[in-house]
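Spelled out from the first residue to the last, the chains are:
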Amino acid sequence: MLLATVAVTGLHWLTNRYNRAVVKEQLLDSSARQKRTDLSGALNYLLVGSDHRAGATAEDQRSDSILIVHVPAGMRQAYLISIPRDLLVAIPPAPGYGGGQDKINAAYEHGGGGEAGTRLLSATLTRLTGLRFDGAALVDFSGFQQVIDLLGGIQMCVDTPVRSIHTKTLFTPGCQQMDGARTLDYVRQRYDLPGGDYDRQRHQQQMLRAVLDKAGQTHLRNDPVKLDQVLRAVGGSLTVDTNGVPVENLVLALRSLPADALRGVQVPSYPQTIDSVSYVLLDNGSDGLFDALRGTRMPQWAGANPRWVNRL
């Protein structure tokens, strides 16, 4: 979506340059892959934010963010559906792992992290939702920090005070400019927030919207050097699977998607402690959400379920 904003500049050679810079891998399991992506129809993409921390191996990583990006036909709206990281699911078997019940973000770890972990995560989501994906992206948040800094920071609105468990920084209420490190520190917080992980999901959705807004406001068209730097930083922080669709075709198709049409969606669910472990369980409304994602009724579902939807 960031590239869709940039593509409005019409600098086709920069799109080609990005296409050469971005890493392309098979991120989707065969069971989770749409047989053929039709850019004129509704699209569903899996977006996974990797949780890289100093001293941890790839096998020790868990996915910090899991989002389904749903774009209805016509590409005038987009829904960012955040999957709760503690959602209790059935994870399929994988090499070295026999399968079983666990939190959904553990699928990334059980798969070995990286591309293999994303494949197991995609298979887990397909088993849960019945949804097949048109593509996927694995985001290295440490690289995304550079993207935010190159854009000159972004505007984030803090709605409740919270102290970072990582840096001890106190985030006070109000809209404020944040650099990349401060932004990522803020959107990773979930403790001491009224909504816990649900608030964290919403903050990460707001970050993506803020990046899109800043990319649109920054005069990148008149600064090809900065535009090139941003594109290369985006490419360096992403591993993508476009399901056979050329990156430039996807960029051109998404260029008309307005940032103000983004909606954040929480999966209908509730927290539950089982054997002294905190989980999140689906409630009955989730079936309707997954049905809407598989078909063409996401706008209708969003209109009928305002409790779980917010304008970003």
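Residues numbered from 1 in each chain as written. Predicted model: local features only at pLDDT ≥ 70, side-chain atom pairs only at ≥ 80, totals over all residues. Heavy atoms only, no water.

What to know about the overall build of the chain
- Scanning the chain from N- to C-terminus turns up eleven helices and 16 strands.
- Within the chain, buried positions represent 54% of all 312 residues.
- A sequence separation of at least 24 residues applies to 68% of the contacts in the chain between residues at least 6 apart.
- Accessible surface for the chain amounts to roughly 13,500 Å². Of this, 49% is attributable to carbon and sulfur atoms. (Helix = DSSP H or I, 4+ residues; strand = E, 2+ residues; numbered from the N terminus. Buried < 20%, exposed > 50% of the residue type's maximum accessible area, 1.4 Å probe, protein only. Contact = heavy atoms within 4.5 Å. Areas by Shrake-Rupley, 256 points an atom, 1.4 Å probe, with all protein chains shown as cover.)

Focus: the side chain of Lys 103
- With respect to the helices, strands and loops of the structure, Lys 103 is situated in strand 6 (residues 100-103).
- Using a relative accessible area of 17% as the deciding quantity, one classes Lys 103 as buried.
- When residues no more than four places from it in sequence are discounted, the contact partners of Lys 103 are Arg 85, Asp 86, Leu 87, Val 89, Ile 91, Val 277, Ser 278 and Tyr 279.

Some points on the packing of helix 5 (residues 141-150) against helix 7 (residues 197-217)
- Where helix 5 contacts helix 7, the two axes come as close as 11 Å, and the packing angle between them is 40 degrees. By the angle between their axes, helix 5 is oblique relative to helix 7. Classified by chirality, the crossing of helix 7 by helix 5 is left-handed. Residues Phe 141, Phe 144 and Ile 148 of helix 5 form the contact with helix 7, whose participating residues are Gln 204, Met 207, Leu 208 and Val 211.
- Taken together, the residues of the contact of helix 5 with helix 7 sort by class into six nonpolar, one polar and no charged. (Axes fitted to C-alpha atoms, helices over the stretch in contact; angles between N-to-C directions. Parallel < 35°, antiparallel > 145°, perpendicular 65-115°, else oblique. Left-handed = near helix turned anticlockwise from the far one by under 90°. Nonpolar A, V, L, I, M, F, W, Y, C, P; charged D, E, K, R; others polar.)

Things to note about the state of the cysteines
- Applying the stated criterion across every chain yields a total of one disulfide.
- Paired through a disulfide, Cys 157 and Cys 175 show a sulfur-sulfur distance of 1.9 Å. On the S-S bond that ties Cys 157 to Cys 175, the torsion sits near 100 degrees, and the link is right-handed. Placement of Cys 157 in strand 8 (residues 154-158) and of Cys 175 in strand 11 (residues 174-178) is noted, with a sequence separation of 18 residues between them. (Disulfide = S-S within 2.5 Å.)

Let's talk about the nonpolar core
- With 45 residues, the main nonpolar core has Phe 144, Met 156, Tyr 186 and Met 207 as its most contacted residues.
- Counting residues per element, this core draws most heavily on helix 7, which supplies six residues.
- Those residues within four positions of Tyr 186 in sequence are excluded, and the remaining contacts are Met 156, Cys 157, Val 158, Asp 159, Val 162, Phe 171, Met 178 and His 203.
- Counting 39 residues, the second-largest nonpolar core is a separate cluster that includes Leu 87, Leu 125, Val 265 and Trp 301. (Core = buried A, V, L, I, M, F, W, Y, C linked by side-chain atoms within 4.5 Å.)

A word on the pattern of salt bridges
- Scanning the entire structure with this criterion turns up eight salt bridges.
- The closest approach of N and O atoms between Asp 241 and Arg 33, which form a salt bridge, is 2.7 Å. With Asp 241 in strand 12 (residues 238-241) and Arg 33 in the loop between strand 1 (23-24) and strand 2 (43-50), the pair connects residues that are 208 residues apart, well separated along the chain.
- In this structure Asp 241 comes out as buried when scored by relative accessible area, which is 4%.
- On the basis of relative accessible area, Arg 33 is assigned to the buried category, the value being 16%.
- With a closest N to O distance of 2.1 Å, Asp 291 and Arg 294 form a salt bridge. Linking Asp 291 with Arg 294, this pair stays in helix 10 (residues 285-294), spanning three residues, or about one helical turn.
- With relative accessibility at 40%, the residue Arg 294 sits in the partly exposed group. (Salt bridge = Lys/Arg side-chain N within 4 Å of Asp/Glu carboxyl O.)

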